[in-house]
Structures are given as structure tokens and as C-alpha cells.
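As a plain string of letters, each chain reads:
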Amino acid sequence: MTTQNYILYRTAAFMYQPGYAYTQGATPFVPAAQVSSPVGAVVGTQQMASLTGVTAPDGFAYALDADGKYPVGSIYTPTPATDYTLAGASTATAGTPVTLTLTPGGDGPAADTTVTLSDGGAGGTFSSPTLAFGAYSAAPQTVTYTPKAAGTVTISATNTGGLTNPASLSVAVTAATA
């Protein structure tokens, strides 16, 4: 198993509010909130084979840093996705599930994005008709699709994040054998 260097970085700044004191009856001056750790701050590195099954905590994301250019304390600027891909088998058997994989481009979408899948009314079922790409998470998402009957099914995907949708996937479905 080959491992690669991944970084954990902030997708939301860590803020704090300085304390203040004042005399009773006086109008206090409340200092502005301060940034303790900015967006993009690299807080950790880790050797992993992939990000499959790895979930970053809220306000953080993982990114591949194959060249080790981003040590802890540096600032990482992700490249937001403008699109995503839809991949899966081009043939299937009615009643037998096939796996579909959706993968965001770049370092993932700039904001949480919901993707909705459709088979154009062919009557098949998805293990989940919607999935979510977290902000700046490039982790692939998988679902299964079970075609209902023989024929050609066109699977399409739409999203809420303004990403360019992938080309539809055409699946030639054969009848189940008894």
C-alpha cells in the first residue's frame, strides 16, 4: 500500500474575543474579534493511502500535498472545483445494483453542495438519490443504482453549488435471467 502526504487545514477562521474590564456606570469599549488562526492555516500533516472513509471535522478539510510544500503553520489556498465527474459501468443487468462514483474537481466545491441523481423516469432506484460534497472536500462519493428493466437508461446529475454538471451516463441494461 502506497501512502501520500495529506494536510489538514482550516476552512473557517478560528476567532477569539479579547476580554475587557470597565468601571460600573461607564460605557465599555468592546474590542473587535481577533483571528487566532486564519482560513487556510495548515494544522496537521498525515501519511494516508487515500481519503476514502476519512471525514474532516467541521471547519477543516484535507488536501493532498504530494510534494510536502505545506508544513504545519503555513497557509494553504485551495483551488475550488468548477465541475465534478460521474462515472460508472456502461452495462448492467435489471435488478442488479451498479456503483456510481461522483468526484469533485480541484479541491472540492467552495461551499457545501448537494447533488441530485436521476434516471429520467426509468423506474430504477438509487441507494440515495442525493449526496453531499463538503466545502473544499475532494473526496469521491459513491451510490448504487439498481435498474428496473432492460433498455437504455440515462443517469444524470444536477447540483446546488453552481458546479458544471457532468455528462450523463448511458447504461445499457439487459434483462435478468431466471
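Residues numbered from 1 in each chain as written. Predicted model: local features only at pLDDT ≥ 70, side-chain atom pairs only at ≥ 80, totals over all residues. Heavy atoms only, no water.

**Focus on the pairing of strand β12 (residues 141-146)**
The cut-off we apply is this: By this definition, two strands are paired if DSSP reports at least two bridges between them. Helix and strand labels come from DSSP, where a helix needs a run of H or I of at least four residues and a strand needs a run of E of at least two; each type is numbered from the N terminus.
Bridge analysis of strand β8 (residues 98-104) against β12 gives five bridges, and the strand direction is antiparallel. Considered in β12, the bridge of Thr101 is made with Thr142.

**As for the pairing of strand β11 (residues 130-133)**
Moving residue by residue along a regular strand, the side chains alternate between the two faces of the sheet. This is how the line gets drawn: The classification of residues rests on relative accessible area computed with a 1.4 Å probe and restricted to protein chains. Under 20% of the type maximum is buried, over 50% is exposed, and intermediate values are partly exposed.
Of the two faces of β11, only the one carrying Leu131 and Phe133 is buried; Thr130 and Ala132 on the other face are not. Note: strand β9 (residues 113-118) against β11, four bridges, orientation antiparallel. Bridge pairing in β11 places Thr113 opposite Phe133.

**Points about the side chain of Asp107**
Our working definition: Counting rule applied: Lys, Arg positive; Asp, Glu negative; His and chain ends not counted. When a carboxyl oxygen of Asp or Glu lies within 4 Å of a side-chain nitrogen of Lys or Arg, that pair is called a salt bridge. In protein, a polar contact means a hydrogen-donor-capable atom and an acceptor-capable atom, both N or O and within 3.5 Å, with residues adjacent in sequence counting only if both atoms are side-chain atoms; elsewhere, any N or O pair within 3.5 Å suffices. Should any heavy atoms of two residues lie within 4.5 Å, those residues are counted as being in contact.
Topologically, Asp107 is positioned in the loop between β8 and β9. Of the side chains with opposite charge, Lys69 lies nearest to the buried Asp107, which makes no salt bridge, at 10 Å. Side chain to side chain, Asp107 and Tyr76 meet in a polar contact 2.6 Å long. Ignoring any residue separated from it by four or fewer positions in sequence, one finds Asp107 in contact with Tyr76, Pro78, Thr79, Ala81, Tyr136, Ser137 and Ala138.

**Things to note about the packing of aromatic side chains**
For any two aromatic rings, the description comes down to two numbers: the centre-to-centre distance and the angle of the planes. The line we're drawing: Pairing of aromatic side chains requires ring centres within 6.5 Å, counting the rings of Phe and Tyr and the six-membered ring of Trp. Pairs whose planes differ by under 30 degrees are stacked, by over 60 edge-to-face, and all others tilted.
In this structure the tally under the stated criterion is five aromatic pairs. A connected cluster of aromatic rings, assembled from ring pairs, spans Tyr9, Tyr70 and Tyr76.

**Here we look at the sheet that holds β11**
Adjacent strands of a sheet form backbone hydrogen bonds with each other and so pair up, either parallel or antiparallel. What counts, and what does not: Lines are fitted to the C-alpha atoms to define the axes, a helix being fitted only along its stretch in contact, and any angle between axes, read from their N-to-C directions, falls within 0 to 180 degrees.
Strand order across the open sheet formed by five strands is β7-β14-β13-β9-β11, with mixed pairing between neighbours. Since the sheet does not close on itself, it has two edges, and those belong to β7 (91-93) and β11, each with one partner. Along the sheet, successive strands turn relative to each other by an average axial angle of 30°, direction set aside.

**Some words on the nonpolar core**
Applicable threshold: For this analysis, a nonpolar core means a set of buried residues of the types Ala, Val, Leu, Ile, Met, Phe, Trp, Tyr and Cys, connected via side-chain atoms within 4.5 Å.
Ranked by size, the top nonpolar core spans 22 residues in total, and within it Leu100, Leu102 and Ile155 carry the most contacts. Only β6 (84-88), β8, β9, β11, β12, β13 (151-159) and β14 (169-174) provide two or more residues apiece to this core. Excluding its chain neighbours within four sequence positions, the residues that come into contact with Leu102 are Tyr84, Thr85, Leu86, Val115, Leu117, Leu131, Phe133, Pro140, Gln141 and Ala157. One finds Ile7, Val42, Ala63 and Tyr76 within the second-largest nonpolar core, a separate group that totals seven residues.

**Some points on the sheet that holds strand β5 (residues 60-64)**
In spatial order, the strands read β4-β1-β5; together these three strands make up an open sheet with antiparallel pairing. Of all strands in the sheet, those bounded by a partner on one side alone are β4 (42-48) and β5. On average, adjacent strands in this sheet sit at an angle of 25° to one another, irrespective of strand direction. Taken together, the six bridges between strand β1 (residues 4-10) and β4 define a ladder with antiparallel strand orientation. Bridge pairing in β4 places Tyr9 opposite Val42.

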